[in-house]
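Chain by chain, the residues run as shown.
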Amino acid sequence: IRCIIMAPRVLRASASCGSMASPSLRLHAAGRSASGRVAGRGPSLRCLASREDGGAAPGPEYSRSKPLKSGDELDNWTPSTPGVYAVFNEDEELQYVGLSRKISSSIQRHAETVLPKMHSAHVFEMPGADKVSLQSVWKGWIEAHVEETGNIPVGNRRGEGQWLLKQPARAKDEIKLTPGKGAQDLAVPMEALIDSLVKAKKVVAFIKGTRTQPECGFSHQVLLLLNQSRVDYETVNVLDEFYNPGLREAIKVYSDWPTIPQVYANGEFIGGADIITEMSENGELVGALTGKQQ
């Protein structure tokens with residue numbers, strides 16, 4: 001959902017959020033005062049919602065301070081739930097008000113382009129809220145800021161400075177080791193195909209399932225860690241008997257390792273889920289994948 005205001009004017013068509021899909025709305029805050037303002041420079045962000053039972057939705061609570069960065073890196077503490085969020089810069093000025101089906105994902109995508117402008121955030125969770133409810137609360141936050149300051153947050157204005165969420169890149173397809181004609185048509189042993197692949201590609205993960213739909217918890221864990229490393233990698237589905245017949249057992253023979261997933265980098269076997277997790281926790285994973293270990 002794109003959050004854009006066309007011109008710096010107050011929209012007075014609605015001053016309430018209407019009915020909410022859930023009365024249990026929570027706010028996480030990264031502010032500095034209990035009044036709803038940050039050092040007198042941010043909006044009061046008054047909640048203009050009403051609940052289905054007719055009572056007022058709970059207002060913002062700014063008792064907890066949660067910056068969005070640890071040093072120069074993003075510290076994405078925001079929840080993976082629907083809601084409305086406001087982002088402030090280091091000068092405590094409101095930069096952007098957004099709405100999202102998954103707040104943490106939106107914050108992560110903002111950080112790819114405007115991380116230097118992101119210092120702290122106020123997040124209003126709306127579990128189960130529909131699009132109309134999200135838009136109503138978002139509009140109320142914008143209106144409250146415009147009424148108080150006369151300005152629309154810079155990131156919500158069209159033109160230079162507008163915060164745009166880049167569309168996520170399409171996930172890479174899994175590598176298929178054969179044309180899909182069956183094991184009887186293999187011209188070379190599966191182990192030879194594995195050897196050729198791991199030597200041709202920088203990083204290869206043999207997993208159960210696909211990168212978008214892993215079919216075991218260990219494969220899912222390895223994919224998360226590889227994604228966090230931001231190192232490019234290939235995946236091969238060992239359960240795909242149509243294109244990779246016999247791979248599930250052949251990879252265990254090739255590596256002399258009894259479990260799956262298995263990760264290879266620069267032609268060498270790195271490890272399974274436990275080893276990849278340990279390397280990530282010790283800060284060694286990126287170096288192992290890129291061949292630039294200290």
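Here goes a summary of the coordinates provided. Predicted model only: the values in this text are computed from it and were never measured.

Attention now moves to the overall build of the chain. Along the chain, the regular secondary structure elements total seven helices and ten strands. Counting over 294 residues, the chain shows a buried share of 46%. In the chain, the proportion of contacts linking residues at least 24 apart, taken out of those at least 6 apart, comes to 69%. Per element, the accessible surface of the chain, about 15,000 Å² overall, is 48% carbon and sulfur.

This next bit is on the sheet that holds strand β10 (residues 268–271). Strand order across the open sheet formed by four strands is β8-β7-β9-β10, with mixed pairing between neighbours. Across the chains shown, the open sheet's two edge strands, defined by having one partner strand only, are β8 (234–237) and β10. Sheet twist, expressed as the mean angle between neighbouring strand axes with direction ignored, is 25 degrees.

Describing two packed helices takes the angle between their axes plus the distance from one axis to the other. In the contact formed by helix α3 (residues 190–200) and helix α5 (residues 247–255), the axes pass within 9 Å of each other and the chain directions differ by 70 degrees. The orientation of α3 with respect to α5, classified from their angle, is roughly perpendicular. Here α3 and α5 pass one another in a crossing that is right-handed. Residue-level contacts link Met-190, Glu-191, Ile-194, Asp-195 and Val-198 of α3 to Leu-247, Ala-250, Ile-251, Val-253 and Tyr-254 of α5. Looking at side-chain class alone, the contact of α3 with α5 contains eight nonpolar, no polar and two charged residues.

So, about helix α6 (residues 273–281). Every α-helix carries 3.6 residues per turn, so stepping three or four residues along brings you back to the same face. Three or more residues of α6 are buried, namely Ala-273, Ile-276, Thr-277 and Met-279. Burial along α6 is one-sided: seen end-on, the buried residues are contained in an arc of 165 degrees. Turned more than 90 degrees away from the buried face of α6, the exposed residues are Asp-274 and Glu-281. Buried residues along α6 sit against α4 (217–229), β9 (262–265), β10 and α7 (285–290).

Another point: the nonpolar core. The biggest cluster of nonpolar side chains holds 18 residues, and the ones touching the most others in it are Val-203, Val-222, Leu-226, Val-263, Ile-276, Leu-285 and Leu-289. Elements represented by at least two residues in this core include exactly β7 (203–207), α4, β9, α6 and α7. For this core, the leading source of residues is α4, giving four residues. Once you skip the residues sitting within four places of it in the chain, Val-263 turns out to touch Val-203, Val-204, Ala-205, Val-222, Glu-268, Phe-269, Ile-270, Gly-271, Ile-276 and Leu-289. Counting residues in each nonpolar core, the second largest holds 16 residues, with Val-84, Phe-124, Ala-129 and Val-137 among its members.

All right, on to the environment of Ser-219 then. Note on placement: Ser-219 falls in helix α4. Sequence separation of Ser-219 and Ile-260 is 41 residues, and the distance between their C-alpha atoms is 7.5 Å. Every residue in contact with Ser-219, bar those within four places of it in the chain, is listed here: Ile-207, Lys-208, Pro-214 and Pro-261. Of note is the side chain of Ser-219, whose polar atom sits 3.1 Å from the backbone nitrogen of Lys-208.

Our focus in this paragraph is the pattern of salt bridges. Tallied over the full model, the rule gives four salt bridges. Here Asp-232 makes a salt bridge to Lys-172, at a shortest N to O gap of 3.2 Å. Of the two residues, Asp-232 is situated in the loop between α4 and β8 and Lys-172 in the loop between α2 (131–149) and α3; the sequence distance between them amounts to 60 residues. Judged by its relative accessible area of 29%, Lys-172 is partly exposed. With a shortest N-O distance of 2.7 Å, Glu-234 and Lys-172 are connected by a salt bridge. Residue Glu-234 is found in strand β8, and its partner Lys-172 is found in the loop between α2 and α3; the two are separated by 62 residues along the sequence. Connected through salt bridges with shared partners, the residues Lys-172, Asp-232 and Glu-234 form a single ionic network.

About the cut-offs
- Residues numbered from 1 in each chain as written.
- Predicted model: local features only at pLDDT ≥ 70, side-chain atom pairs only at ≥ 80, totals over all residues.
- Heavy atoms only, no water.
- Helix = DSSP H or I, 4+ residues; strand = E, 2+ residues; numbered from the N terminus.
- Buried < 20%, exposed > 50% of the residue type's maximum accessible area, 1.4 Å probe, protein only.
- Contact = heavy atoms within 4.5 Å.
- Areas by Shrake-Rupley, 256 points an atom, 1.4 Å probe, with all protein chains shown as cover.
- Pairing = 2+ DSSP bridges.
- Axes fitted to C-alpha atoms, helices over the stretch in contact; angles between N-to-C directions.
- Parallel < 35°, antiparallel > 145°, perpendicular 65-115°, else oblique.
- Left-handed = near helix turned anticlockwise from the far one by under 90°.
- Nonpolar A, V, L, I, M, F, W, Y, C, P; charged D, E, K, R; others polar.
- Arc of directions from axis to C-beta.
- Core = buried A, V, L, I, M, F, W, Y, C linked by side-chain atoms within 4.5 Å.
- Polar contact = N/O pair within 3.5 Å; in protein donor to acceptor, adjacent residues only side chain to side chain.
- Salt bridge = Lys/Arg side-chain N within 4 Å of Asp/Glu carboxyl O.

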